[in-house]
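Here is what each chain is made of, one letter per residue.
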Amino acid sequence: MSSGPFALWRWGRLFKDFPGFLEGFKITLLVSILALLLALILGIIFGLFSTSNKKILRAIARVYVEIFQNTPLVVQVFFVYNALPYVGVTLDVFSIGMLCVGIYHGAYVSEVVRAGISSIARGQMEAAKSQGFSYLQAMRWIILPQTLTIVLPPLANQAVNLIKNTSVMALVAGGDLMYRADSWASNGTLSYGPAYIITGVMYFILCFPLVSWARRHELRIKNRGTGSGPGGPGLVVPAKAGTTDHIHQGAAL
Amino acid sequence: MKFAKKVVCVALILAAVAGTVFAGGKQESGGSGDVDRIKGHGVLRVGVKSDVPGFGLQNPATGLYEGLEIELAKLIAQEIFGDPSKVAFTPVTAKTRGPLLDNGDIDLVIATFTVTEERKLTYNFSTTYYTDAVGMLVKKAAGISGLKDLGGKTIGVAQSATSRVAIKEAGDKIGVSFGFAEFATYPEIKAALDSGRVDVFSVDKSILAGYLDNETVILPEAFSPQEYGIASKKSNTELTSYIDGLIKKWLSDGTIAGLVSQFKL
């Protein structure tokens, strides 16, 4: 046991070098927050596009969603990292992580937003219009506020997938938590076991609160929904979460 | 009486079974358990490089493995089975070779695996069969002539490779510091060098040779000897001493020297 992959001395060294893991954790956290903001902005814009009555906007949203849902994030990251420099676009790894992960998950968020908007009874838009609301006013004051409540749980699930997917940065020397852990375990100590356990725990700490909040919130909506009003029975948003499997590093190699 | 007969019968059967098991157990501990186990598999499973010319290269035309380390694996199979073809090759990278050995997918790693004190804590290594050094591949256009020009530059290295430590120590000695970017595979480092993500591709010289092209050059400097050994799982001590004996024999009788010149290493 003293020589095994989980030997005590490996853990000792890990805790000595723990600041390195924290550095990576900081990057992961920061990229996650920025990518999440980007994904939300893109998701709302393209979610609105895809429910618009203008054909061209729907088409634009469709193209965006199909491209980013049907190509692996790893491919997108490698493309930006290795191919774009040839056309003069050399982004640093932090920006690549933020942009790629944000744009990729924006496509999924837009689907959540689209489903949310569609689930609000069509009659409400017509009722609003008959009261003199413009399309945008109706969206802003009537449809979106109701949508927000029901899409929050699936959005939280998206956020969790997004956080986990920031680990693709490790493939392009991103300096994130996964990269730090890999690098630490590789260099000399070969302590993959302890390194990945600690890394898993750190991702868990980030993700678990979001997931459990989403679960509680979902229950709350369901219970409230037995009455009348928005969020009633039948307003179940197809959760897009879970369709974006966490990208396994090995799969890309 | 009948009952007594039955009891005797059962007792005899038990004794026979116990005897077989005991004899089996005794045989197991009789000296070459690891090698017997490999014989039981019917094939020697070896982790090799598939992209290092001269050491372990999977020929794209034939699909066959070629190189010094491939020949060593065949020689070992010849010793164990009397048949050099009883080898199953698994392509490994610097990062995957350790875990593959740990989980028992392969019996041996012969894959430009540098012996270090730290790695000896995790794996068993045979005597060194080849000594290499860490080198640097740079773009001709970059105007880099040596380590002294690398201040503030980024060096691409493979995860789990010893090159990072070796080159950092060399840099510290002459007071030059640089950044590192680690990648899972060599082609990824080459891609990063081509696209200008890293300024230097640093790994063992033998491996670098496989990535040399018209736009790049290998610098004459080399650092910290890299001694390649055959690795086996820490618990397989018998296998290690068996392999070690073979390598020592082949070093003294000129077999390995012959292979080194055959592959122009």
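Basis of the calculations
- Residues numbered from 1 in each chain as written.
- Chains lettered and ligands numbered in written order.
- Predicted model: local features only at pLDDT ≥ 70, side-chain atom pairs only at ≥ 80, totals over all residues.
- Heavy atoms only, no water.
- Contact = heavy atoms within 4.5 Å.
- Salt bridge = Lys/Arg side-chain N within 4 Å of Asp/Glu carboxyl O.
- Polar contact = N/O pair within 3.5 Å; in protein donor to acceptor, adjacent residues only side chain to side chain.
- Helix = DSSP H or I, 4+ residues; strand = E, 2+ residues; numbered from the N terminus.
- Pairing = 2+ DSSP bridges.
- Axes fitted to C-alpha atoms, helices over the stretch in contact; angles between N-to-C directions.
- Buried < 20%, exposed > 50% of the residue type's maximum accessible area, 1.4 Å probe, protein only.
- Right-handed = clockwise from strand over helix to strand, strands pointing away.

Q: Looking at this structure, how should I read the interface of chain A and chain B?
A: In many reports, interface size means the accessible area that the parts give up when they come together. The interface is formed by 29 residues belonging to chain A together with 23 residues belonging to chain B. Linking chain A to chain B there are 2 salt bridges. A salt bridge links A:Asp182 to B:Lys95; the shortest N-O distance between them is 2.8 Å. Summed over the shared surface of chain A and chain B, the result is 11 residue pairs in polar contact (both at pLDDT 80 or more). Where the side of chain A that touches chain B is concerned, the elements lending two or more residues are helix H1 (8-16), helix H4 (73-83), helix H8 (177-186) and helix H9 (192-224) of chain A.

Q: Any chance you could explain the sheet that holds strand S5 (residues 87-91) of chain B here in plain terms?
A: By way of backbone hydrogen bonds, the strands of a sheet pair with one another, either parallel or antiparallel. Residue and element names in this part refer to chain B. Judged by pairing direction, the sheet is mixed, and its 5 strands sit side by side in the order S5-S1-S6-S14-S7 without closing on themselves. Each of the sheet's edge strands pairs with one partner strand only, and the pair in question is S5 and strand S7 (123-125). Each strand axis lies, on average, 30° off the axis of its neighbour in the sheet, ignoring direction. Of the pairings in the sheet, the one linking strand S6 (residues 108-110) to strand S14 (residues 231-233) comprises 2 bridges and is antiparallel in character. Bridging from a neighbouring strand, Val109 pairs with Ala231 of S14. Contacting strand S1 (44-48), S5 and S6, helix H3 (residues 68-81) runs over the sheet at an angle of about 170° to S1. Relative to S7, helix H9 (residues 237-252) is tilted by about 20°, and along the sheet it contacts S6, S7 and S14.

Q: Explain the pairing of strand S10 (residues 179-183) of chain B to me, please; I cannot follow it from the model alone.
A: Where a strand is regular, its side chains alternate between the two sheet faces. Residue and element names in this part refer to chain B. Of all 5 residues that make up S10, 4 are buried, and the element is covered over most of its length. Across 5 bridges, the pairing between strand S9 (residues 154-158) and S10 is parallel. Looking at S10, one finds that Val157 is bridged to Glu182. Traced from S9 through helix H6 (residues 163-173) to S10, the parallel crossover comes out right-handed.

Keep in mind these numbers describe shape, not what the thing actually does.
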